[in-house]
Each structure stands twice: as C-alpha cells, then as structure tokens.
Amino acid sequence: MEEKKDKTGLLREVLDGAAGLAGSYAATLTHLFRRPVTEQYPEYKRPMPARTRGRIILTRSPDGKERCVACYLCSGACPVNCISMQSEEGPDGRRRAAWFRINFARCIYCGLCEEACPTLALQLTPEFAFCKDAIEDFVYEKEDLLVDHGGKDPDYDFYAHAGVAAGRPKGEHIGEDEPVDVKSILP
Amino acid sequence: MPDLIIDGRPVRVPKGTPVIAAAESLGIVIPRFCWHPALGAAGACRMCAVMFLDGPVKGLEMSCMVPAADGMVVETFHPEAVTFRRRVVELLMANHPHDCPVCDEGGHCLLQDETISGGHALRRFPGRKRTYLDQDLGPFIQHEMNRCIHCYRCARFYQEYCGYLDFGPMQNANRVYFGRFASGPLESPFSGNLADICPTGTLTDKPGRYKSRRWDCQRAPSVCPHCSLGCATVALSRYREVVRVEARENPAVNGHFICDRGRYSFGYAASAERPRQARADGVPTSMSTALALAGTRLGGVVEAFGPEAVAVVGSARSSLETQTALTALARAGGWRGPAFFADRTEQQAVAAALAALAGGRARSLAEIGQADAVLCLGVSPLHDAPMLALSLRQAARAGAVVAVADPRPATLPLPFTHLPLAPDKLPGAAALLTGAEAADAAAIQRALPLSPELWPALERLAPAFAAAGNPVLVFAPALAAQAPADARFGLFPVLCGPNAAGAALVADADAPACDDLARAIEAGEVKGLVLAEADAAALSPRLAAALPGLETLVVLDHLPTPSFAAAKVFLPTQTLFESGGTLCNNEARLQYAAPVAPPGEPVSRDGRGGHPPRDYARKLPGTDPLPAAALCAVLALEMGLDMPALSFAAFTGVGPEDVAPEGTRATRLPAAPTAPAPPSAPPGQGLVVVRDDALFATDAYGRYAPLARAQAPAASVVRLHPDDAAGLGLADGEALTVTVGDRRIEATLAVSAAVARGAAVVPRLPGWAGLPAAIGPETLRRRQP
Amino acid sequence: MTDILCGILVMLARMAVVLAVVFGLAAYMILVERKLLGRFQVRYGPNRVGLFGLLQPIADGLKMLLKEDIVADGVDRRIFLIAPAIVAGAALFSFAVVPFGPTFAVFDRPIAQVIADTDVGLLVIFGLSSLAVYGVALGGWTSDNKYSLLGGIRGAAQMISYELALGLSLVPVAMMARSLNLTDIVSAQATLPFALSQPVAFAIFVVSALAETNRIPFDLPEAENELQAGFHTEYSGMRFALFFVGEYVNMILLGSVTAIFFLGGWNGPLLPPIVWFGLKVLAVPVFLIWTRASLPRLRYDQLMALGWKCLVPLGLANILVTGALLAAGR
C-alpha cells in the first residue's frame, strides 16, 4: 500500500474523491425530482391485505353459532397473557366461553392466538387503528369481540368434523361410520 | 438382579422388572399407553417398542412385555423402533375424532403428546372413522368412547385392581367397547381414578369438565383431609378456586390412587356458604375489629374470673401447626386446654393406639397390600378409610385372608369374611384370631356362645391367622387394648379425623377433654371459650349444649358449622389448600400439604354481567382469612400474652424441616398409657349405638362440600339385625322417627343379617351425635302417618 | 438637525428591515430545509400545518416558546443562559456590515443599502464570526454533561482551525479588490465574479464556511450518533431555539458573504440588483441543504487533517500564486 502512494496515486485519489462527491450530489438531485412515496394516511387509507394483523374478532360458523369452544389454546399461546376466558357447557351441549376477554392495551398483535385457534373462531382483522380515551376501554369482552360472520373462512364448521355428539349425533360427522352396536352378535 | 444396558447406560434392576420400568429408573421414559406401574403390562398398545441389540431377546420387542435380563443391550431410539412407534401412533389416530379443542384431557393427554412428538400431523388413512355411542357413567366420569385407543387400562384398573365388575370391555375386534352394560353410575368408590389413568380423553373428570386446562392451574402437592389415612394428592386451583384434586404417587401410603371421597370432597374451600368475614356478635366486621374485640372479651373474662376461666378447644381436622399454636396460646395465657377429643376415654384410646405402634409394629397402607392375613377389628374399611379397602384387595389378590369383625354391614370388593359382632364381643373375637396358637372349636364356642352362625367361619380363619407369617391387625382406637403382644402382627389403627394422631401427640396426657370443659362450663368455672376449627356439635353434644352458658365464645374456622352461628366473635381461617399444613396420619406419619392458592372469593362468584369485574385496583374479595396459627399469634399479641415459639417438633420429634415428601413417621410416640377398657355391654337393656360413615359427606369437610353432599343418601338409614327389628316390632323399609335429645329425626329402617345382634347402626352425622350409648323402643319409633 | 434626524430614521428603518428579513428568512429556511430534505429522500416533508405546511415555522416557534426552559443541576447558570445569545447575536451583528445593493438616492439623498458601510467590513465579519465560537464552547462546557463538553471542545477546535483557512481564502479577494470595504469588493466584481477568477479560493471558502457553520458534513460538535446532541444536549425550549435560529441566520449570513466575496454581489444582467443579490444569497443555503442530503459526516481526525494538511497549505499557495500574478500583471 505504501509504495503505491506515488504522484499518480494522489491524483487518482483526488479525482476519485471528486467523482464520488459529484456522484452523491447527482444521486440526491435525481431523487429531488421523483414522486414522493409517502402515503397521506388519514386522507388515503391503503387497502390492507385480508391477513393483516389488527383487531381481534370471534367469528361464527356457517350455522350462525359461536365458533369459539374456549379451548384455552389462544390464551396459552399468547406471549403477553392478554387473553383470558372461562369455559362452560352451553345449553346445546357445546363447549363455549362463559366469558372471554382480550386486553388490547396489552396485545402486541403477533397473531399467535389466531394460529393456535383450532376452530378458526379467533381471527385478526385488518383494522389496526382504534383509539380510546381510557385504557380500561381497551379491555374487550366476549360481546365486543363476537361478530356475526365467518371472517376469512366463512365455510368452516369445527363440529362437522369433530366426532363429539354436541350439535349432531355420533356417526353423522364428515368421514364417520355408523356407531358400533356393542350388543350385536353379528361378526 | 439382572444387569443390562439401555441407551448405552448400564443399570441393575430387581428380577422381574420389565425393561420399560428399568429404563424409567434411568430417567428414560419410553412412550407407552397401556403399561402402568400399578397395573403392569398388557401389551395392548404396541407403543413401547424398543430395539434389543444383544442378549436373550433380539429384535424389535415391546419393552413392557420383556422382563429385564442379564446381558441385554437396548436402544430406545433405534431408527426402526422410532419408525415403528410413529406408525403405531398413526394407526391409533386413524379413528380419532379430532376433537382436542373440546376435550378436557387436552394439555395433559398422553395420546396428544405422543402424536405430536411422533410428528403425525395429517391423517393419511382415507377410510371412514369408527364411532361409538357414549354412556352416562354417573356424576364423576365423563364417557367419550370415540377417543378410545383400547389400551385396557380402565378395565384392568376397574376389574382387576379394584375388583368391581360393572364396567369393562365388550365386543370384539375393531368394535371393542369400554363401558357398562347400560348407562348408570359407576359402583366403584375408586372410579375417579379412571380419569387419571386413562391416557386419552375417553374417561375424563366430570366435576372438572370444561373448567380449565392443566397449564392454567396452580398445582401443589397436598394431603387428603377426608379420613385418617392421609393419602397424597395434588390440588389444582384456578381463579381462586380448587377445581380438581388428583392422586399423587406416594409409594408408602396410597400408591397411585385415591378414593372418590378424597377426590371429590374439595368443594368446602370455595363453597358459597364458607364464612370469609369476621363477625362480632353476628354482625360482619373487619378482621382487626374482631380480633380486638376477642382480645377485650377474653381479657375481661380473665380479669373477672382468672385465667382458668378461659378454655381452648381444637380438633382432629386442624393441621399440626394450628394444634401447636393453640397449645402455645393456652400455655401463654394459663388457660385450660386445648381439648381435642370428646372425652378422656377417646383421647386415651388414640394415644394407646399410637403407643402400640412403637417398636416397628406400624404398617403402612402399602405394607397391608403385602400382608398374608388381615383382621379389621371395629373398622369398616370402605367407609372408615376407603383406600384401606383397595390395599386389602391387593392383599387378597395375592392370597391373603381378610376378616372384618365389625358390627356394621360391610361390603368389600374382595373375598373376605364378615363377623358382625356387637362392640362388646369384638375383644373376644380378636383374641381368637390374634393368638399365637389357632383357637379350637371349643374356644370359639366358649367365646361367642350366642353367634353360632359365625363358628364355621372362625374355625376356618383361626388356623389361617395362626399360620400367617405377616398378619396385620387393623383396629379402631377403642380396641387398642386388643393389640396382640405377638410381634408377628403388624398394627394399623384407623382413627377418626385427618389429624387425630397429631391431636393425640400434641395434647397433654392430663389435658381436659370436651366433656370435662362442658362440665366446667355448667359449673360456672369456665366463662370464655376459644373454638379453633372445631364444631362443638359434632365433637361433643354436651359441650354444644353448654355453649349458651359462656360469657364469650371465640370461634376460628372456615366451615359454616353450628358453632360458627353461635359464635360471639368469629375469626375466619384459611383452609389446608390456602395455608398449607402438616397432617399426621393414622400410622403417625407426618406429611406436608403445600399451599396451592391464596384465599379469596372465587372469580366465578366475583363477576358482574357474566365476566369478572373490571376495576383492577380493588382489594380482592374474601381474602380476610388468615392461617389459624397466625390468628392465635395475633390474638396473643392483642391480649399482651407472651406466646412461646413452639414447633410441633416438641410433640412429634419431627420438625417441619424433617418432613420428607413421602412423609416421615413421628419419633415421639406417647408412652404407653393405660389402655382404656374395651367396650363392654351397656348397662340395662337396649341396642348399642354404632355410628357408620358413608362414603360421602359424613367426614367433617365433606359435609360442607356441595358435590360430596349431593352424593349422600337422601334419607338417613338406621340398620338393625332381623332379630332386634323383630323384637322392636319393626319391619324392613319402615319409616322411623328417632328421638335425639329434644329433636326428632326422620329415618328409614334397613334390616340386614350383616348387622351385629344388639347393635343399631346410625349415620355419623352431627344431628345424631346426641344419641345415648344404648337406645331402646322409646327412641326408635314407627313414624305416625 | 433634520439631517441627523433623517439619518437616525433611515438607520432605524434599515435595521428594522434587515432584522425582519433575516429572521423571516431564517424561520422559513428551516421549513425549506425540511421540505427539501424530504424531497431529496422521496417524501413530502412537513405539509400538515397550513397550506403546504407554510405555517410550520410559526407552529414550531410557538411550541418552542411554550416549552419548559430546563436548566439542569450543576450548570454555571449565567454562562448557560448567555451562551445561546452569543451564537445568535454574533450572527445577527454581522449583518450590520453586509451591503444588499448599490447606493441609491431618495430626494437626492444617497441611501446606502447597508447599515454600517465601514472600510474594514471584512475584518468585522471575521471578528464577529470568531465570537460565535464562544457560544458553542461555553454552552458545551457549562452544561455539566460529558457529551456537551466533548461537543463544545470539538466546536472550538474546529472553528478555530477552519477560521484560518477561511481567512487565507479571502486574502486573494482583498488583494484583487484592493479594499476591505464590502461595497468595494462587490464593485470589483462588476465584470467577472471572483468565483471564476479565484476558483481555488472559492473552493477553500466554501469548505471552510461549511465547517464554520457546523453544517453536515462538518457537524461534529453535535454529532447525534456519537454525542447525543453535542453542545446543546442540555438546552431546551427557547434557548435551544436560539442555537437553532443562530445556525440558520449563520447560513443566510454565509449566503450573503459568499455572494459578496465570490458571486459578484448584486451585479447581474436584466433583473434589479436587490433581486440578484437575493437569488445569490438563497442559492448558498440551498446548496448547503443539498450537501446535507448528499454527504456523510467526516470523522474527527479526517476533519482536522483536511483543515490543516490540505486547506491551509492550499490557501497559502493560492495567496502566493495570486500575488505573483498580480505583481506580474502590474
């Protein structure tokens, strides 16, 4: 390196430096005449993809019943413990949440609850901007979370697949045989 | 002692140990569904396949079916074995209903764990799923047959281990079904264990159905307070409420299982009727006010009448810590007591029973299962100590002779001989069977001249007991004097109350009993009484009757007993689930129950509008109760007493730091007191009153547990021998009116030859406590329509 | 008497006009800088307050006025309070000698478009700009904060070093104009601005001036990623605003000085002289902003090496060459 520092080297360094300076000035100058990429948020709301992770809802199955079976998987998966619930047996024999609470003030919208949800009941919506005057108002109860549609998967019905008798009798779920007759003597 | 190598690690195990257990002793848990340490191998699930590389067996074998042998080299993670187990899981899942989200087993499900660890995620089997219809198995077990993987654990436990036959396998091939012949409650008093041993969600806990996931529960090792055996349990609590109690393995006491009384009687802690607030003269008040008032009132009594005018009463259901604190409080104040027992005789009987255990003659529940002859003297195993019946069953399975000499009708799930004898005949019968030489027919006829129907059975039993190498006498404390001097006989007393042994150890030999205190109150010598976790009505009717004569009555308790209602000052205490505590069981084994949850009104009752309240900065409701021992200390402070720092080590020889997880036997047993005289025939004519426990709701805690109370029989039953019934002119099933003191109780009459002649068996309930020792036709009367 | 009165009136009017224009320009220079930087980075810059964000400077000023003036514990209070005023004051005072156009006549009375037309204007500017270093150094030293202290020391060293190069770059200008009076220097460029006849001096001047005003790439006294905010870390509210305004007044001063020394002042075809002057004055801050958008910050040793090893020898050589050429030309 040392022996290369001759006179031509110095000149080259000066020229290179000057070219570098000019290059950076040119780069910024061309950007000056570009169209800004900023989106003017309150006037223009970008259409969010359906899978954006925003406010959480509890959806219903195609027959209009609550999908949530209060299995505690979402609260188990939640890294900030913002979901709590109590399960119970509903009048139709289906397992459901007696109460279901999400503290959105604590929620980090990571979507792990949605991934954990086995019945596709809990879904994140693209609604990301919602404000409150008091932090307690961010605590949403079941009635605040329940919606009357199926969200992203309107056709799925957990109870059509799961072989429990709640809702429809044994043997009538998808892919099931007639119940075994335990007192039959036929082979 | 075979030596073998498992996963490169050498291990030596006792002969006959299956390879799966040998691996477990190294900490290597081989996946399994059907194998259970208490039930042994069935080879049904094919899940525990491992590769045997060298030794007497070679190739892929089930580790539960192969006993460990010398020279074996086993690899649990051999690729072939892993692939095999993965395929097995996939096959087991072929008919699974895929309903984990609504299954209560989810989170502690063996099938779920193995499916996930095996990497099986998508069902490849294109066929249709086999389905079953479910049955209603009663209040404790929920049936969901579609989830079954046919490991036979339930059937083996229910039929082989417990000896009940109403539940089991049916059908063949791909249609095997586990259930009852028809829907109906399970008959076994150990049915709750089915939920514990079922590796899937087929049989789950019905009272805990849809309550919580395992991972959300606070869990702590606990000790069952519903009889004197002290079985190890795990308490699960969530949202300030105990939601479930499960068996904890304690090889020295209960093995792997507990009875349904211990499992389902936990509701008293979160009961809506539980008093959680202090009261002064019946008016709810703050803890500090009530404590100050208690101090002032008791101080006033001491000032006016002297320290001897204050007495302390404890009970056999308090922990050793509470009993010790009561003693310290009484000593600090120079007060009378504490009294733990109804009368002096009972206290001496329990002390004598414990004294008899000295010299290594105590037997544990596990050791009873290994005995070759067991005589239950004055003990009805299934009701006085339910898990004793399970141990007797194990002994009987191994060929032991079991005899139950007891006036009450006995049912046991094992072959046994029942000797229905009135209490005063029991010592004679015991002498026949516990002698070193077999009693001959003449001796038997001489001893029991009025019971000829028992002679053949006794003639059969006597030589068996005489020949037994390891016999055990299970006895009630009143019969402590019958403990044979013959050192062959192991001794196993069955006491009344979870910490009756602790009370006997803590109580001074000359401490007053409840009856003594009642006499002192009637004489005007005692004016102030501290009742700590004791119900005067259940403990001593005479004391309960004397309570109005007191100037002040301070009650410390967590149960809504009649004494709570009578209290002038009431101070709420914490339950065993909240404060923890040490209990001393019938064989003088100290065991520590850890606290599982802080006290507080359960969240389920705290809600408004269907969900818990939303104000977060408030004091939690119902958190006033303090440990009774702490309340004693605060009370002493209020009264300016210098309460000595007393540890129960002073009474038991075992300090709190010495209590091992599986329990530690007390080293300081009472010096053999003069054993009370055995029961004698009551003076005059009449039937001896014998109190009988039911499986549910007759123990001190179970009476206040809603679930246990729901299982109790609707009507009280009085049982008589046919001869006695005929003598009274009463017939089976007749409606009776029983006069207890000045009250009348309605009951029905059951007549059975299994009841001893001359005995009237009545329920052990507080309402019946006032019956005299012997009753006649003036007490038992036909109900007038 | 009337002469004196008129003189005072005219003087006051001139001062008022200069102050208003300079402050207004400084305030909007901040907006221009933010808008321009935004566009250089393909975004909008402030556009929420008023039309195109035109009221942003007023909003900023109000905000600064309403903010709490925090004086940290352990600072030397008097010096702490004075330091920002020195920076802003020195920059403002310099405008006293800056001419904005040729002398014109009102009612036959010649009115110079300068507050004080002194014969040593160049030296006055130099002197005042040297004073500004006290604001930075004292503000940094008295804040009782290690970042501020380092920033203040850096500022002092940097401004003293580059003042030398700055002075050397202006010697040829004075030599060619044969005067230190700024109006004369402008007149000397009637035909050809010194920027073209003295390109080396111009280059040295521009670089040194950047360093004197602590602008990127020479903003080491307040280098955010090393020193938090350097010498003004502990300042808040209006006192921070004074530092800030001082920097932008300095930028305009630099524009004026550059226009006078190198760009031919108000000389230019077609347009009136004051417009030419204004355009030239504004061109310089725009160039500074462009530079800010384009160049990264120098390392401290690079800064010192550039000043002492490159600019000072180059400036000296330039003086020699200019002197030789002038002597040869005579």
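Keep in mind that this is a model prediction, so the values were computed, not measured. Position numbers for residues count from 1 along each chain, tracking the sequence in the order it is written. The naming scheme follows written order: chains are lettered A onward, ligands numbered 1 onward. Local features in this predicted model are restricted to residues of pLDDT 70 or higher, and side-chain atom pairs are both shown and tallied only at a pLDDT of 80 or more, whereas totals for entire chains, interfaces and linings draw on every residue. Computation of side-chain values: all heavy atoms of the structure, hydrogens and water removed.

Per the secondary structure count, chain B includes 25 helices and 35 strands. Taken against the 2.2 N^0.38 rule, which gives 28 Å for 785 residues, the C-alpha radius of gyration of chain B at 28 Å falls within 12% of a compact globule. Overall, chain B is about 85 × 80 × 60 Å in size when its C-alpha atoms are taken along their principal axes. We call a residue buried when its accessible area falls under 20% of the maximum for its residue type, exposed when it is over 50%, and partly exposed in between, using a 1.4 Å probe and counting protein chains only. A buried classification covers 59% of the 785 residues belonging to chain B. Put simply, of all contacts in chain B between residues at least 6 apart along the chain, 70% involve residues at least 24 apart. Here the accessible surface of atoms and residues is derived via Shrake-Rupley with a 1.4 Å probe, and residues count as covered only by protein chains that are part of the display. Entry remark: accessible area of chain B is about 28,700 Å², with carbon and sulfur atoms responsible for 56%. Note on charges: Lys and Arg go in the positive column, Asp and Glu in the negative column, and His and the chain ends are not counted at all. Taken as the charge location is NZ of Lys, CZ of Arg, CG of Asp or CD of Glu. Averaging the coordinates of the 71 positive side-chain charges in chain B and doing the same for the 75 negative ones gives two points 5 Å apart. Numbering of helices and strands starts at the N terminus; helices are DSSP runs of H or I of at least 4 residues and strands are runs of E of at least 2. The globule rule is 2.2 Å times the number of residues to the power 0.38, and the radius of gyration it is compared with is taken over C-alpha atoms. Only heavy atoms enter the contact rule, under which two residues are in contact if any of them lie within 4.5 Å.

Right, let's get into the sheet that holds strand E19 (residues 401-405) of chain B. All names here are of chain B. At least two bridges found by DSSP between two strands is the condition for calling them paired. Within the open sheet, the five strands sit side by side as E20-E19-E18-E21-E22. Their pairing is parallel. Strands at the two margins of the open sheet, each flanked by one partner only, are strand E20 (417-419) and strand E22 (490-493). Neighbour-to-neighbour, the strand axes of this sheet turn through a mean angle of 15 degrees, independent of strand direction. Relative to strand E21 (residues 471-475), strand E18 (residues 373-377) runs parallel, the two being bridged by five bridges. Counterpart to Leu377 in the pairing with E21 is Phe475. Across the sheet, helix H15 (residues 455-467) lies against E18, E19 and E20, angled at about 115 degrees from E20, the strand it touches most. In this analysis, axes come from line fits to C-alpha atoms, helices being fitted only over the stretch in contact, and the angle between any two N-to-C directions falls in the range 0 to 180 degrees.

Accessible area lost on assembly of the parts is the figure often given for the size of an interface. Residue and element names in this part refer to chain B. Partitioning chain B into structural domains gives domain 1 (3-91), domain 2 (279-348 + 501-593 + 620-665), domain 3 (365-495) and domain 4 (687-782). Here domain 3 and domain 4 have C-alpha centroids that lie 25 Å from each other. Across the contact, 15 residues belong to domain 3 and 16 residues belong to domain 4. Accessible surface is computed with a 1.4 Å probe, and the buried area is the amount of it that two parts give up when combined, taken over both parts together. In this assembly, domain 3 packs against domain 4 so that about 1,100 Å² is buried in total across both faces, 59% of it on carbon and sulfur atoms. Of all residues in domain 3, His383, Arg408 and Pro409 give up the largest surface area on contact with domain 4, accounting jointly for 45% of the area buried on that side. Note on definitions: salt bridges are taken to be side-chain nitrogens of Lys or Arg within 4 Å of carboxyl oxygens of Asp or Glu. Counting every contact that joins domain 3 to domain 4 gives two salt bridges. Between Glu453 and Arg757 there is a salt bridge, with the nearest N and O atoms lying 3.4 Å from each other. Counted as a polar contact is a pair of N or O atoms within 3.5 Å, where, for protein atoms, one must be capable of donating a hydrogen and the other of accepting one, and residues adjacent in sequence contribute only when both atoms are in side chains. Taken together, the connections running from domain 3 to domain 4 amount to five residue pairs in polar contact (both at pLDDT 80 or more). At three residues, helix H11 (residues 381-384) tops the list of elements feeding residues into the side of domain 3 that touches domain 4. Looking at side-chain class alone, the side of domain 3 that touches domain 4 contains nine nonpolar, three polar and three charged residues. Domain start and stop points were drawn from an automatic or database domain assignment. For this classification, Asp, Glu, Lys and Arg are treated as charged, while Ala, Val, Leu, Ile, Met, Phe, Trp, Tyr, Cys and Pro are nonpolar and the rest, including Gly, are polar.

Residues and elements named next belong to chain B. Put simply, helix H8 (residues 320-333) and helix H22 (residues 628-638) touch, their axes get as near as 8 Å, and they point 15 degrees apart. Our classification of the angle between H8 and H22 gives roughly parallel. In this structure, H8 meets H22 at a crossing whose hand is left-handed. In this structure, H8 contributes Glu321, Thr322, Ala325, Leu326 and Leu329 to the contact, and H22 contributes Ala628, Ala629, Cys632, Leu635 and Ala636. Counted by class, the contact of H8 with H22 contains eight nonpolar, one polar and one charged residues. Each angle is binned into one of four classes, with values under 35 degrees roughly parallel, values over 145 roughly antiparallel, values of 65 to 115 roughly perpendicular, and all other values oblique. Two helices crossing with the near one rotated counterclockwise from the far one by less than a right angle form a left-handed crossing, whereas a clockwise rotation gives a right-handed crossing.

The description of an aromatic ring pair uses the distance of the two centres, along with the angle that the planes make with each other. When the centres of two rings from Phe, Tyr and Trp lie within 6.5 Å, Trp using its six-membered ring, the rings pair. Their planes under 30 degrees apart give stacked, over 60 give edge-to-face, and anything left gives tilted. Taken as a whole and assessed by the stated rule, the structure comprises 31 aromatic pairs over all chains. Geometrically, the ring pair formed by Tyr25 of chain A and Trp290 of chain C is edge-to-face, given 5.1 Å between the ring centres and 90 degrees between the ring planes. In this pair, Tyr25 of chain A sits in helix H1 (residues 7-32) while Trp290 of chain C sits in helix H11 (residues 273-294), so the two residues belong to two different chains. On the basis of relative accessible area, Trp290 of chain C is assigned to the partly exposed category, the value being 23%. Seen in terms of ring centroids, Phe202 of chain C and Phe262 of chain C are 5.3 Å apart; in terms of plane orientation they differ by 50 degrees. Their pairing is tilted. One end of the pair, Phe202 of chain C, is in helix H8 (residues 199-212); the other, Phe262 of chain C, is in the loop between helix H10 (237-261) and H11, with 60 residues separating them in the sequence. Among the residues examined, Phe202 of chain C registers a relative accessible area of 24% and is labelled partly exposed. Feature note: the residues Phe104, Tyr109, Phe130, Phe138 and Tyr140 of chain A constitute an aromatic cluster, connected by ring pairs. As a reminder, the over-ring test applies to NZ of lysine and CZ of arginine, requiring each to be within 6 Å of the ring centre and within 35 degrees of the ring normal. Here the guanidinium or amino end of Lys45 of chain A rests over the ring plane of Tyr41 of chain A, the centre of that ring lying 5.8 Å away. Of note, Arg209 of chain B hangs over the ring of Tyr210 of chain B, and the distance from its end group to the ring centre comes to 4.2 Å.

Time to look at the pattern of salt bridges. Residues and elements named next belong to chain A. A complete count under the given rule lists 62 salt bridges over all chains for this structure. The salt bridge involving Asp92 is made with Lys65; its shortest N-O contact spans 3.7 Å. Here Lys65 lies in the loop between strand E1 (56-58) and helix H2 (73-77) and Asp92 lies in the loop between strand E2 (83-89) and strand E3 (95-103), a separation of 27 residues in the sequence. With relative accessibility at 39%, the residue Asp92 sits in the partly exposed group. Looking at Lys65, the relative accessible area reads 34%, which means it is partly exposed.

Looking now at the sheet that holds strand E2 (residues 9-12) of chain B. Residue and element names in this part refer to chain B. If you trace the five strands from one edge of the open sheet to the other, you get E2-E1-E5-E3-E4, paired in mixed fashion. One side of each edge strand has no neighbouring strand; the edge strands of this open sheet are E2 and strand E4 (59-62). This sheet shows a mean twist of 35 degrees between the axes of neighbouring strands, independent of strand direction. Where strand E1 (residues 3-6) meets E2, four bridges bridge the pair, whose relative direction is antiparallel. Looking across to E2, one finds that Ile5 is bridged to Pro10.

Counting residues at the interface gives 37 residues for chain B and 42 residues for chain A. For the pair chain B and chain A, the summed buried area comes to about 3,300 Å², and 52% of that belongs to carbon and sulfur atoms. Connecting chain B to chain A are six salt bridges. Between Asp134 of chain B and Lys170 of chain A there is a salt bridge, with the nearest N and O atoms lying 2.5 Å from each other. Linking chain B with chain A are 31 residue pairs in polar contact (both at pLDDT 80 or more). When residues of the side of chain B that touches chain A are assigned to their parent elements, the largest contribution, three residues, is made by strand E6 (residues 129-131) of chain B. Relative to E6 of chain B, strand E6 (residues 176-179) of chain A is paired through two bridges, and the arrangement is parallel. Bridge pairing in E6 of chain B places Pro179 of chain A opposite Thr131 of chain B.

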